[in-house]
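Fold and geometry: a report
Okay, here's what each chain looks like letter by letter:
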Amino acid sequence: MSKEGSVIPKNELIEAINGYNPNADIKLIEEAYDFASEMHKEQKRASGEPYFLHPVQVAGLLTQLNADSATICAALLHDVVEDTNVSIEEIKEQFGEEVAGLVEGLTKIESIHFESRDDYTAENLRKVLFATTKDIRVMLVKLADRLHNMRTLKFKSPEKQKLIAEETMNIYAPIAHKLGIPTFKGELEDLSMKFILPKEYEALKNNIDTKRGAREHATTEFIDIIKTNLSQHNVDAEVYGRAKYFYSIYRKMKRDSKDFNEIYDLIAIRIIVKTIPECYTALGVVHDLFKPMPGRFKDYVSVPKANGYQSLHTSVVGNHGKVLEVQIRSEDMEHLAEEGVAAHWRYHNVERDKKFDKKIEWLKQLLQWKSDANAKDFIETLKIDLFEKEIVVFTPKGTPISLPEGSTPVDFAFEVHTNVGLHCSKTEINGKMVPLDTLLQSGDIVNVVTQNNASPSRQWLKFIKTSKSRSKIRKALNIEYDHDHKAARKSELDDNEMSEAALLDLIKTDVKKKSQMKLSKCCGPVHGDDIVAFYTKDGKVTVHKADCPNIHALDENKKVEVSWRLKGDEGIVKIRAMIDDRVGILSEILGMISQDGISVCSINSNTHKERVSVTFALRLPENLEPEQLVIKIRNISDVVAVEIVN
Ligand code: MN
């Protein structure tokens, strides 16, 4: 079948749907097919082909996302209200409320015509997004609709081509990305690039055509080696080369100032296995075969991304120095990764939803350190996080900026540019002056007024949402923050009644007498800090934090090897973290802890004004030093201090 496609026969479409959804409402889909075919029968596409091929191709694209029956019906019917005499009421009567609701949403989008470039930018995009926020399935049909229109764009006038391509690149491809549909995103971008950057596109295409043979040969070779070794380990896996999209190559070339060969020579391979343990077995096999590149391994299996994405990522150096990017995941994870948000409702009432509920339940239990009302809020926000609920607002020029729900103009300013954030003084939403702590809504047009002498205020920390703006503001307020930080640490020490003597007792050195050691006053190290120690003139040893500014003045030759002693009973380590109370932080810490085979024995907490101190009792595997974990936890944003307690 050509990319532009043809009218997919009804039985072929039904067969595709039956393939993934045995419970599909086939009767309703057949009716929608016949109805749309009848209604559009007089119309032709710009290509001269029957109009009906468009809705049916859109429906076909949605079967690739395993869309549900209502979505397929809406795809088939998406243009009938707009282009024929049928009313929404008639659709409701014949196909029910659910389908009619989706068609209505789609009709609203279609009814917006972008008269000129100026009209197009802000206000109309706002309408588009407003019309689609109610049911995400409307957006999925719209994306498929746009994808098919992009595939057939060559039949439009050059001006239209450019306008539609830019809109696709700026609005629809990012939405496909947000919804986690990589195939839609990749193709939308490539088709847009062809019209926006025709020369660059051609050059890239020529380059790829020239090198394709060699690259495919190398890829096949790697796939064979990996497959053979996996089957020797009894891992039944699918191994294949991942498609590289033109625009993603182009973007990487620009971003990393690399030439075509450097980017294109990377070979991307995906391994799909049956079970989670097999993911790790496969990883072991790959790391055994090829040398892993340091710092490139990411475990999104034990710590999924906020949208639920799971996969192991690694890069290895293969034969002839070729770099292989390898993704390893189970079949379930693959479904989620490829279908994105679509997978969430597909598994409604089935296994995945149960798992999801379990996850929520588990977190609920862990949240008993908060009042019930708060816990409920947290769960709500967590759900939203998992579905990556974001708002999309616009710059006055119409550039979409996505932010988490609850963001303010200050978050927006930092998202646009650090300097805009650092100097923002006033803000307008939809042309009206509003306070900086106003909550942004999807579709808002946000204008930030900057002034050179404006600077961040401590107040901002109370209402901003994103961790990006939080860290930038804190950095700008450096002095006060450090002060805060120390105060928090001090109070922790007081709480814990951990005297200096007790701390010294926890330091391992080759110094014979503990009494000859002291903790330096300048940086006040606490258990878990990175530390260094030096002999002083009087023969004693002073322990400093590794980043203490004073140690540069000390003689390297007087350095003493020191480290914190682990005082665990039966392998249980207690780690206490002082955290700023924000939504999601506990699950981040738990996510961190759940890596490396650590099990959580208990969690206790106390509230100190706006901060919470949480003590985790953990059982660590043999090879893991608690200090390593302390450092990792400390790196989580809003974690103020971490220490090992016993
Ligand atoms: Mn359409």
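Residues numbered from 1 in each chain as written. Predicted model: local features only at pLDDT ≥ 70, side-chain atom pairs only at ≥ 80, totals over all residues. Heavy atoms only, no water.

**Brief notes about the nonpolar core**
Counting 62 residues, the largest nonpolar core has Leu62, Ile72, Leu76, Leu77, Ile91, Leu143 and Phe184 as its most contacted members. Counting 25 residues, the second largest nonpolar core, distinct from the first, contains Val235, Ile267, Leu283 and Val301. (Core = buried A, V, L, I, M, F, W, Y, C linked by side-chain atoms within 4.5 Å. Buried < 20%, exposed > 50% of the residue type's maximum accessible area, 1.4 Å probe, protein only.)

**Some words on the packing of helix H1 (residues 10-20) against helix H2 (residues 26-39)**
The interhelical angle for the contact between H1 and H2, taken along N-to-C directions, is 150 degrees, at an axis separation of 11 Å. Crossing angle aside, the handedness with which H1 passes H2 is right-handed. Where H1 abuts H2, its residues Lys10, Leu13, Ile14, Ile17 and Asn18 lie against Ile26, Ile29, Glu30, Tyr33 and Asp34. Classifying every residue of the contact of H1 with H2 by side-chain character gives six nonpolar, one polar and three charged. (Axes fitted to C-alpha atoms, helices over the stretch in contact; angles between N-to-C directions. Helix = DSSP H or I, 4+ residues; strand = E, 2+ residues; numbered from the N terminus. Left-handed = near helix turned anticlockwise from the far one by under 90°. Contact = heavy atoms within 4.5 Å. Nonpolar A, V, L, I, M, F, W, Y, C, P; charged D, E, K, R; others polar.)

**Notes on the coordination of the manganese ion**
Protein coordination at the manganese ion: the donors are His54 (NE2), His78 (NE2), Asp79 (OD) and Asp145 (OD), at 2.1 to 2.6 Å from the metal. Motif for the manganese ion, donor spacing along one chain: H-x23-H-D-x65-D. One end of the pair, His54, is in helix H3 (residues 53-63); the other, His78, is in the loop between helix H4 (69-77) and helix H5 (80-83), and 24 residues separate them in sequence. Under the relative-accessibility criterion, His78 is labelled buried at 0%. (Donors = N, O, S within 2.8 Å, 3.2 Å for Na, K, Ca; no water.)

**Some points on helix H11 (residues 198-232)**
What sets the pattern is the α-helix's 3.6 residues per turn: residues three or four places apart point alike. When the terminal C-alpha atoms of H11 are compared, their 47 Å separation across 35 residues agrees well with the 51 Å that a helix rising 1.5 Å per residue should span. Arg212 marks the point of greatest bend in H11, at about 50 degrees. For H11, the set of buried residues is Tyr201, Leu204, Ile208, Arg215, Ala218, Thr219, Phe222, Ile223, Ile226, Asn229 and Leu230. Phi for Asn234, located one or two positions after H11, is positive at around 60 degrees. (Expected span 1.5 Å × (residues − 1). Bend = angle between axes of the 7 residues up to and from the residue.)

**Focus: helix H14 (residues 276-289)**
For H14, with 14 residues, the first-to-last C-alpha span of 20 Å sits near the 20 Å given by 1.5 Å per residue. For H14, the full list of buried residues reads Glu278, Cys279, Ala282, Leu283, Val285 and Val286. For H14, the angular spread of buried residues about the axis comes to 160 degrees, placing them on one side. Away from its buried face, by an angle of more than 90 degrees, H14 presents the exposed residues Pro277 and Asp288. (Arc of directions from axis to C-beta.)

**Here we look at the sheet that holds strand S10 (residues 432-434)**
Taken in spatial order, the three strands make up an open sheet running S10-S9-S11, and their pairing is antiparallel. Edge positions in the sheet fall to S10 and strand S11 (446-450), since each has one partner strand and no second. Between one strand axis and the next, the sheet turns by 35 degrees as a mean value, whatever way the strands run. (Pairing = 2+ DSSP bridges.)

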